[in-house]
Amino acid sequence: MLHHRLRSRAAIAALSIAAVAGLAGCDSAAHVSATASGRVTVAAAENFWGNIAEQIGGSRVSVHSIITDPNTDPHLYQSDPAAAATITTAQLVIENGAGYDDFMDKILASSSSSSRRVLSVQKVLGVTGSNPNPHLWYWTQRLPTVATAISRQLSSIDPAGAHAFAAGAARFDASLKPLLTVISRIKSRYAGTSIAYTERVPGYLVAAAGLRLGTPASFSQAIEDGTDPSPQDTATFDRDITQHKVKGLLYNSQVVDSQTTAIKALAVAAHVPVVGVSETMPPQYTSFQAWQLAQDRALLAALGG
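In this text the structure is predicted, and so the values were computed from the model without any measurement. (Residues numbered from 1 in each chain as written. Predicted model: local features only at pLDDT ≥ 70, side-chain atom pairs only at ≥ 80, totals over all residues. Heavy atoms only, no water.)

Participant: An account of the sheet that holds strand β4 (residues 117-120) is requested, with residue identities and associated values reported.
Facilitator: The parallel open sheet is built from four strands, whose spatial order is β2-β1-β3-β4. Two strands bound the open sheet, and with one partner strand each, they are β2 (61-67) and β4. Strand-to-strand twist in this sheet, taken as the mean axis angle between neighbours without regard to direction, amounts to 20 degrees. Bridge analysis of strand β1 (residues 40-46) against β2 gives six bridges, and the strand direction is parallel. Among the inter-strand pairings, Ala-44 is bridged to a residue of β2, identified as Ser-65. (Pairing = 2+ DSSP bridges. Helix = DSSP H or I, 4+ residues; strand = E, 2+ residues; numbered from the N terminus. Axes fitted to C-alpha atoms, helices over the stretch in contact; angles between N-to-C directions.)

Here it is as structure tokens:
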């Protein structure tokens with residue numbers, strides 16, 4: 001049963017608000033202390049956005065990422081006073097948006113600051129709709145737009161570093177070439193190939209690679225929402241796996257429960273290649289690009305049999 005994810009969201013909001021109670025009064029003093037080093041203080045909701053900000057800002061920024069544990073389900077994250085203080089006193093706050101890290105908005109709303117800037121990746125990319133895929137960091141082709149937005153925000157806070165920030169964004173953009181090359185290779189070889197995924201985590205990657213979801217979208221949506229898929233969707237999903245109607249299974253390696261474990265075991269038993277994708281950058285990777293490139297290559301290898 002996955003209902004815990006939905007039930008926890010109200011609790012997350014309540015805990016996040018409670019965590020910042022009493023922080024507003026110390027916001028000004030903390031802000032002065034944070035900027036005394038001369039570096040721009042950045043708070044990123046997730047470590048992958050934090051890593052990108054570090055690459056762009058270099059020695060001129062001090063970045064703290066809130067969610068860093070790959071064993072943590074971001075949907076269930078509960079803030080604490082230390083994290084809330086980091087967020088409320090940062091000069092630049094980076095959030096994913098699209099309903100993925102709502103705890104950030106709760107904290108920010110509880111402690112206003114005229115000197116704090118907030119960058120929402122969802123807004124930068126113009127992602128709209130009632131149910132957008134929130135896993136925006138898998139949209140590799142659009143990441144240069146995010147990098148430019150981060151560079152501009154940093155420059156507005158530290159004008160003297162504008163050239164360095166622009167150069168950092170340019171280096172980041174250039175570093176995406178190996179990822180884009182692998183994605184292009186997948187598309188050229190396997191466009192139209194059906195795959196399965198337990199959640200929409202790799203949805204943007206799947207679309208960019210020209211692959212198609214060969215299992216019920218409502219099944220994956222239910223898993224992501226923390227509800228039980230319908231018996232019909234479950235039967236169809238299982239049949240698509242066992243009858244090899246899909247060439248691979250991409251599963252969220254950060255959500256481990258009886259249902260997702262059974263799905264993975266079913267694919268393994270049916271000799272359907274399995275590729276794990278994560279929502280948080282694992283500690284063994286020193287950069288966002290290395291993490292994503294490893295997953296892209298794993299997908300290419302899986303499709304190759």
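Participant: Outline the sheet that holds strand β8 (residues 274-277), listing residues and values.
Facilitator: Spatially, the four strands line up as an open sheet ordered β6-β5-β7-β8, and their pairing is parallel. Either end of the sheet is taken by a strand with one partner, and the two such strands are β6 (212-213) and β8. Inspection of the sheet shows strand β5 (residues 194-197) paired to strand β7 (residues 249-252) by two bridges, in the parallel sense. Each bridged residue has a counterpart across the sheet, and for Tyr-197 the counterpart in β7 is Leu-250.

Participant: Account for helix α9 (residues 177-190), with residues named and values stated.
Facilitator: Between its terminal C-alpha atoms α9 stretches 20 Å, which fits the 20 Å expected from 14 residues at 1.5 Å a residue. Of all the residues in α9, the buried ones are Leu-179, Val-182, Ile-183, Ile-186 and Tyr-190. In an axial view of α9, the angular spread of the buried residues amounts to 95 degrees, which keeps them on one side of the axis. Pointing more than 90 degrees away from the buried face of α9 are the exposed residues Lys-177 and Ser-188. (Expected span 1.5 Å × (residues − 1). Buried < 20%, exposed > 50% of the residue type's maximum accessible area, 1.4 Å probe, protein only. Arc of directions from axis to C-beta.)

Participant: Requested: an account of unusual backbone geometry, with residues and values cited.
Facilitator: The phi dihedral of Ala-98 falls on the positive side, at around 60 degrees, and the residue is not glycine. For His-244, which is not glycine, the phi dihedral falls at a positive 55 degrees. Relative to the elements of secondary structure, His-244 occurs in the loop between α12 (231-242) and β7.

Participant: Go over the pattern of salt bridges, please, and point to the residues and values.
Facilitator: Oppositely charged side chains can form a pair if their charged atoms are brought close together. Per the counting criterion, the structure on display carries two salt bridges. Here Asp-158 and Arg-60 are joined by a salt bridge, their closest N and O atoms 2.8 Å apart. Residue Asp-158 is found in the loop between α7 (143-157) and α8 (162-175), and its partner Arg-60 is found in the loop between α3 (47-57) and β2; the two are separated by 98 residues along the sequence. Given a relative accessible area of 11%, Asp-158 falls into the buried group. Across the pair Glu-224 and Arg-200 runs a salt bridge whose closest N-O atoms are separated by 2.8 Å. Taken together, the residues span a long stretch of sequence, with Glu-224 in helix α11 (residues 217-225) and Arg-200 in the loop between β5 and α10 (203-208) at a distance of 24 residues. Given a relative accessible area of 4%, Glu-224 falls into the buried group. (Salt bridge = Lys/Arg side-chain N within 4 Å of Asp/Glu carboxyl O.)

That's the geometry; what it means functionally is another story.
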